[in-house]
Amino acid sequence: MIVGARIDFRLIHGQVANLWAHSRQVSRFMVVDDEASADDMQKQVLRMACPATCRLSVLSVEKAAANITAGKYDAQRLFIVARKPEVFVRLVKTGVKMDELIVGNMTTKDTVKKINRNLACDQGDLDAFAELQEAGLPMVIQLTPQDNPEKLVL
């Protein structure tokens, strides 16, 4: 059961590990990131940031999609975190179902559009958001669970 899907360039950190884990009663965080899944140092840092009450998976997009669609996490309260919206495009295309996408902190060197002080997108991000919108996935900007979600308007 997917209880949350979030874009945050920092992946697992204080806001995600504490606030989102508590508000959504997360039992497993899944970091979906091809680079991090192949880097033992990044995986170790993410394990240290993950709350002791939650399990953690750090997987490539392909492995994450396969595990989710096979029902491997159906009995858990899964919260997915990725750095970029392109990851969620790839997950949706493989049949992963999410109720909404929570857009948190995003930054890019090649900013094409700054949406707010915590959200700067490049053209690839904008294209991915447009594709997710076309797929019918609701998207909201929300830094913490206490903040009111704002509909992402492109």
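Every residue gets a number counted from 1 within its own chain, in the order that chain's sequence is written. For a predicted model such as this one, the threshold for reporting local features is a pLDDT of at least 70, and the threshold for listing and counting side-chain atom pairs is 80 or more; totals across whole chains, interfaces and linings nevertheless cover every residue. Hydrogen atoms and water are omitted, and side-chain values are computed over all heavy atoms in the structure.

## A look at the packing of aromatic side chains
Then comes step 1: Pairs were defined over the aromatic rings of Phe, Tyr and Trp, the Trp ring being its six-membered one, requiring ring centres within 6.5 Å. Orientation was assigned from the angle between planes: stacked under 30 degrees, edge-to-face over 60, tilted for the rest. Counted according to the given criterion, the structure contains two aromatic pairs.
Then comes step 2: With 5.9 Å between their ring centres and 40 degrees between their planes, Trp20 and Phe79 make a pair best called tilted. Pair noted here: Trp20 is in helix H1 (residues 14-23) and Phe79 is in strand S4 (residues 78-82), with a separation of 59 residues, a long-range link. Like Trp20, the residue Phe79 is buried in the burial classification.
Then comes step 3: A centroid spacing of 5.6 Å and a plane angle of 70 degrees characterise the contact between Phe29 and Phe79, whose relative ring orientation is edge-to-face. Within this pair, whereas Phe29 is found in strand S2 (residues 28-32), its partner Phe79 is found in strand S4, the two being separated by 50 residues in sequence.
Then comes step 4: With relative accessibility at 0%, the residue Phe79 sits in the buried group.
Then comes step 5: The structure contains a cluster of three or more aromatic residues connected by ring pairs, namely Trp20, Phe29 and Phe79. Only DSSP runs of H or I with at least four residues qualify as helices, and only runs of E with at least two residues qualify as strands; both kinds are numbered from the N terminus onward. Any residue under 20% of the maximum accessible area for its type is buried, any over 50% is exposed, and the rest in between are partly exposed; the area is computed with a 1.4 Å probe on protein chains only.

## Focus on the pattern of salt bridges
Then comes step 1: The working definition used for a salt bridge is a side-chain nitrogen of Lys or Arg within 4 Å of a carboxyl oxygen of Asp or Glu. Taken as a whole and judged by the stated rule, the model has nine salt bridges.
Then comes step 2: Of the charged contacts, one joins Arg90 and Asp34 as a salt bridge, the two residues approaching to 3.2 Å between their closest N and O atoms. With a gap of 56 residues between them, Arg90 in helix H5 (residues 85-93) and Asp34 in helix H2 (residues 34-37) connect regions that are remote in the sequence.
Then comes step 3: Here Arg90 falls in the partly exposed class, since its relative accessible area comes to 40%.
Then comes step 4: In this structure, a network of salt bridges that share partners links the residues Arg6, Asp8 and Arg10.

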